[in-house]
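As a plain string of letters, each chain reads:
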Amino acid sequence: MKRVLIIGSGIAGLSCAVSCAEKNMEVTLVSPFPSERAQSVLAAGGINAVTDRHEPGDSIACHIEDTLNGGCHIAGKKAVTGLCESAPDIIKWLEKLGTVFSTEPDGSVSKRAFGGQSYKRTCYCGASTGKQIVTALVMEARRYEGMGRIKRRLWMDFYSALIQDGVCCGAVFYNEATCAPEAITADSVVIATGGQNALFGKTTGSTQCDGYVAGKLFTQGVELKNLEFIQYHPTTIETDQKRMLISEAARGEGGRLYYEENGRRVYFMEDRFGERGNLMPRDVVSRCMEECGKDVYLDVSFLGRERILQRLPEVYELCLKYRGIDICEQSIPVSPSVHFFMGGIAVKNNHETNIKRLYAIGECASIYHGANRLGGNSLLAAIYGGKVAAASIENNSAVGVDTDGADELAAAAQTLRALKGTQSRYPVKYVRDMLAETMRESLGIVRCAEKLQSGIDDVSFYLSVADKIRYDSSELAYFGYSVSAILTLAKATLICAQSRQESRGAHYRSDHPDTKDACRAATVIRYDNGEFRTYLDTEGKYES
Ligand SMILES: Cc1cc2nc3c(=O)[nH]c(=O)nc-3n(C[C@H](O)[C@H](O)[C@H](O)COP(=O)(O)OP(=O)(O)OC[C@H]3O[C@@H](n4cnc5c(N)ncnc54)[C@H](O)[C@@H]3O)c2cc1C
């Protein structure tokens with residue numbers, strides 16, 4: 001039996017675990033928290049698919065075209081075609097596993113309009129699509145657990161990958177229960193650890209997604225891709241702990257964006273782009289909001305209380321709970337916030353990285369979304385990626401390496417000991433807060449060389465004092481050992497953004513406002529003896 005180690009148990013990790021178990025492989029699924037606490041459960045809007053009973057005129061070809069256009073033509077056509085073609089079967093699979101999609105009176109799956117899409121094709125489960133899918137996949141994983149094909153391990157933080165002679169053969173973790181490092185070996189390893197929200201402090205996402213795994217793997221020779229493409233969701237509201245998302249479903253149901261000028265409302269998106277202006281792709285809406293320089297509001301009140309409570313209950317509840325706003329009566333003050341990462345670990349179409357037997361799936365991998373993701377496509381990509389990786393692991397004939405990881409374990413134990421200490425000019429929390437400020441300042445919706453360079457300088461400074469950074473011993477050791485790799489990922493992101501001297505999708509440069517044909521390719525970055533090296537993937541190394 002092939003042994004597969006999957007790190008991260010959100011929707012991508014679960015999809016891969018169940019798919020591997022279906023293929024009779026032996027899976028260890030590892031994460032610090034239960035799946036029910038992964039960011040995936042926050043997804044409310046839906047998942048895209050052109051199902052059997054679709055809107056007249058829609059087709060899988062149109063889903064492919066919308067996805068490629070939304071991504072500004074740097075996502076691989078073959079990968080996107082596979083994604084969109086698989087979508088109808090994925091919906092059927094999820095239904096079979098117990099996901100309850102909202103349906104029309106004729107029994108067909110309901111669809112809503114989402115940004116950048118020509119037709120209504122976002123399938124949803126009331127206001128809890130992510131929770132429904134996670135629950136169904138967890139139930140199936142538990143069934144395989146009973147059969148001994150899946151083993152779930154909790155309270156395990158990734159430390160490093162075990163890589164020998166260019167082949168991955170397991171990983172070292174920090175076990176929060178024993179407070180000691182632990183190695184798990186496997187024939188193949190799948191990374192499914194989500195995006196890198198915490199680089200930016202408060203975002204719409206989970207603080208569990210801090211980019212450490214991608215950053216650490218980068219220092220271990222794994223190539224990253226398209227890091228500069230960071231999606232700002234146009235409609236979020238500020239709360240004490242985080243930015244809360246006002247789902248695109250609100251605009252899909254007819255919600256209108258406006259600002260006020262001389263006592264009258266200016267519906268700036270409709271004025272500029274016509275009837276469908278409010279549902280332009282997220283990068284376009286966010287940039288227009290930034291450019292107008294005014295306080296922007298979202299109005300759904302005209303839909304009426306009954307429709308709002310039926311179609312947008314989560315938006316109603318969160319506005320009331322966190323801001324005391326009754327959206328049936330009042331407009332919502334909204335502003336853009338970091339939401340999703342199109343970039344991440346570079347993978348080929350079979351989801352393998354440049355290291356043999358090491359795979360990446362879900363939001364931590366960069367493959368389907370190009371320069372801008374369409375809403376509803378990332379749940380689809382997380383599930384599809386898990387299935388593709390499982391199929392590819394089944395067929396992988398690369399020779400494995402036998403190791404117990406003893407050397408890496410000893411090194412990890414030594415590093416963990418050295419990190420402890422209470423007195424330091426650079427406590428982890430301070431460095432993380434400074435980093436978030438730098439990233440927000442340098443990598444906003446509009447960027448320029450000067451701000452990017454200043455960000456690179458700041459992060460380089462913190463990296464130069466990384467050996468002096470200490471964590472408070474009341475915190476988890478994870479906070480201590482993760483900070484250096486997180487800084488490295490931040491620097492790589494800034495360098496990618498500096499290297500792309502054009503504007504495309506979510507990457508807008510005020511000093512290079514044009515989109516250039518010569519730059520129509522992914523940015524790849526690798527770490528070579530402490531040097532950061534970027535290249536444009538014009539040869540299609542990752543499109544194979
Ligand atoms: C508010 C919100 C709403 C959204 N709505 C939609 C939507 O309607 N439709 C859509 O398509 N997309 C939506 N998205 C995006 C989508 O939810 C995510 O892209 C997707 O769920 C990512 O799934 P994942 O499995 O890759 O990662 P996650 O669900 O983030 O799971 C990551 C896993 O990795 C683990 N992990 C993290 N760090 C470590 C570590 N160091 N060591 C070990 N394990 C680790 C975590 O504990 C977790 O188990 C939304 C996102 C947000 C934030």
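Just above sits the structure.
Computed from a predicted structure; not experimentally measured.

**Student:** Pulling in residues and values, what's your account of the site of the ligand?
**Tutor:** Neighbouring residues of the ligand: 38 residues in total, closest Ser-40, Gly-46, Gln-208, Glu-363 and Ser-378. Here an oxygen atom of the ligand and a backbone polar atom of Ile-11 are 3.2 Å apart. Within the side chain of Gln-208, one N or O atom sits 2.4 Å away from an oxygen atom of the ligand. In isolation the ligand offers 1,000 Å² of accessible surface; the protein chains occlude 97% of this area.

**Student:** Explain the packing of aromatic side chains to me, and be specific about the residues and the numbers.
**Tutor:** Taken as a whole and judged by the stated rule, the model has 19 aromatic pairs. Ring geometry for Tyr-426 versus Phe-461: centroids 6.1 Å apart, planes at 70°, classification edge-to-face. Taken together, the positions of Tyr-426 in the loop between helix 12 (406–419) and helix 13 (428–442) and Phe-461 in helix 14 (residues 449–464) put the pair 35 residues apart, joining distant regions of the chain. Note on Tyr-426: relative accessible area 9%, which makes it buried. Using a relative accessible area of 40% as the deciding quantity, one classes Phe-461 as partly exposed. The cationic tip of Arg-112 hangs over the ring face of Tyr-124; the distance from NZ or CZ to the ring centre is 3.8 Å. Here Arg-265 stacks its cationic end above the ring of Tyr-258, 4.0 Å away from the centre of that ring.

**Student:** For the environment of Lys-242, give the residues involved together with the corresponding values.
**Tutor:** Locating Lys-242 in the fold gives a position in the loop between strand 12 (230–238) and strand 13 (243–245). With 41 residues separating them in the primary sequence, Lys-242 and Gly-201 have C-alpha atoms 8.4 Å apart. Looking at Lys-242, its side chain comes within polar contact range of the main-chain oxygen of Thr-204, at 2.7 Å.

**Student:** Could you give me a rundown of the pattern of salt bridges, with the residues and numbers involved?
**Tutor:** Within the structure shown, the criterion is met by 31 salt bridges. As a salt-bridge pair, Asp-52 and Lys-92 come within 3.8 Å of each other at their nearest N and O atoms. With Asp-52 in the loop between strand 3 (47–48) and helix 2 (60–70) and Lys-92 in helix 3 (residues 77–96), this residue pair connects regions lying 40 residues apart in the sequence. Here Arg-282 makes a salt bridge to Glu-248, at a shortest N to O gap of 2.7 Å. Separated by 34 residues along the polypeptide, Arg-282 in helix 8 (residues 282–292) and Glu-248 in the loop between strand 13 and helix 6 (249–252) bring together distant segments of the chain. Of the two residues, Arg-282 and Glu-248, both sit in the buried class.

**Student:** Go over the pairing of strand 7 (residues 156–164) with me, naming the residues and quoting the values.
**Tutor:** For strand 7, the tally of buried residues reaches seven of nine residues, placing the bulk of the element in the interior. Here strand 7 pairs with strand 8 (residues 167–175) via eight bridges, running antiparallel. In the strand pairing of strand 8, Asp-157 is matched with Tyr-174. Where strand 7 folds back onto strand 8 in an antiparallel hairpin, the turn is made up of two residues, including Asp-165, whose phi is positive at roughly 50°.

**Student:** Would you mind going over empty space enclosed by the protein in detail, with residue names and values included?
**Tutor:** The tally for this structure, following the rule as stated, stands at one cavity of 30 Å³ or more. The volume enclosed by the largest cavity comes to roughly 60 Å³. The wall of the largest cavity is formed by Ile-230, Gln-231, Tyr-232, Arg-282, Asp-283, Ser-286, Arg-287, Ile-445, Gly-505 and Ala-506. Among the secondary structure elements, those contributing two or more residues to the lining of the largest cavity are strand 12 and helix 8. Counting residues per element, the lining of the largest cavity draws most heavily on helix 8, which supplies four residues. By residue class, the composition of the lining of the largest cavity is four nonpolar, three polar and three charged.

**Student:** Break down the nonpolar core for me, with residues and values.
**Tutor:** Counting residues in each nonpolar core, the largest one holds 125 residues, and the members touching the most others are Ile-47, Ile-191 and Ile-345. Here this core takes 14 residues from helix 15 (residues 477–499), the largest share from any one element.

**Student:** I'd like a description of the sheet that holds strand 1 (residues 3–7), backed by residues and values.
**Tutor:** Ordered in space as 6-2-1-10-19, the five strands form an open sheet in which the pairing is parallel. Of all strands in the sheet, those bounded by a partner on one side alone are strand 6 (150–153) and strand 19 (358–360). Taken pair by pair, the neighbouring strands of this sheet meet at an average axis angle of 20°, ignoring direction. Where strand 1 and strand 10 (residues 188–191) come together, four bridges link them in parallel fashion. Its bridge partner lying in strand 10, Ile-7 is registered against Ile-191. The sheet contacts of helix 11 (residues 377–395) involve strand 1, strand 10 and strand 19, and relative to strand 19 the element is tilted by about 165°.

**Student:** Report on the packing of helix 13 against helix 15, specifying residues and quantitative values.
**Tutor:** Here helix 13 crosses helix 15 at 15°, and the two axes come no closer than 11 Å. Of the possible angle classes, the one that applies to helix 13 and helix 15 is roughly parallel. Crossing of helix 13 against helix 15: the hand is left-handed. Contacts between helix 13 and helix 15 involve Val-428, Val-431, Arg-432, Leu-435, Met-439 and Ser-442 from the first element and Phe-479, Gly-480, Ser-482, Val-483, Ile-486, Leu-487, Ala-490, Thr-493 and Leu-494 from the second. Residue classes in the contact of helix 13 with helix 15 are distributed as 10 nonpolar, four polar and one charged.

**Student:** Talk me through the sheet that holds strand 9 (residues 180–185); I want residue IDs and the actual numbers.
**Tutor:** Here we have three strands laid out as an open sheet, ordered 7-8-9, and antiparallel in their pairing. Both edges of this open sheet fall to strand 7 and strand 9, since each of them pairs with a single strand only. Recorded for the sheet is a direction-independent mean angle of 25° between the axes of neighbouring strands. As judged from the six bridges shared by strand 8 and strand 9, these two strands associate in the antiparallel manner. Within strand 9, the position partnered with Ala-171 by the bridge is Ile-184. Packing against the sheet, helix 15 makes contact with strand 7 and strand 8, and its axis sits at approximately 45° to strand 7.

**Student:** Residues and numbers for the pairing of strand 23 (residues 523–528), please.
**Tutor:** One ladder, built from two bridges, connects strand 11 (residues 224–225) with strand 23; its direction is antiparallel. Of the residues in strand 23, the one forming a bridge with Lys-225 is Val-524. Sheet topology places strand 23 next to strand 24 (residues 531–536); six bridges connect them, and they run antiparallel. Bridging from a neighbouring strand, Arg-526 pairs with Arg-533 of strand 24. Turn length for the strand 23-strand 24 hairpin, with the two strands adjacent in sequence and antiparallel, is two residues, and the turn residue Asn-529 shows positive phi of about 45°.

Quick notes on the rules
- Residues numbered from 1 in each chain as written.
- Predicted model: local features only at pLDDT ≥ 70, side-chain atom pairs only at ≥ 80, totals over all residues.
- Heavy atoms only, no water.
- Near = heavy atom within 4 Å.
- Polar contact = N/O pair within 3.5 Å; in protein donor to acceptor, adjacent residues only side chain to side chain.
- Areas by Shrake-Rupley, 256 points an atom, 1.4 Å probe, with all protein chains shown as cover.
- Phe/Tyr/Trp six-rings, centres within 6.5 Å; stacked < 30°, edge-to-face > 60°.
- Helix = DSSP H or I, 4+ residues; strand = E, 2+ residues; numbered from the N terminus.
- Buried < 20%, exposed > 50% of the residue type's maximum accessible area, 1.4 Å probe, protein only.
- Lys NZ or Arg CZ within 6 Å of the ring centre and 35° of its normal.
- Salt bridge = Lys/Arg side-chain N within 4 Å of Asp/Glu carboxyl O.
- Pairing = 2+ DSSP bridges.
- 1 Å grid on protein atoms, 1.4 Å probe; cavity = no way out; pocket = protein on both sides within 12 Å on 5 of 7 lines; lining within 4 Å.
- Points joined across faces, edges and corners; volume = space filled by probe spheres on them.
- Nonpolar A, V, L, I, M, F, W, Y, C, P; charged D, E, K, R; others polar.
- Core = buried A, V, L, I, M, F, W, Y, C linked by side-chain atoms within 4.5 Å.
- Axes fitted to C-alpha atoms, helices over the stretch in contact; angles between N-to-C directions.
- Contact = heavy atoms within 4.5 Å.
- Parallel < 35°, antiparallel > 145°, perpendicular 65-115°, else oblique.
- Left-handed = near helix turned anticlockwise from the far one by under 90°.

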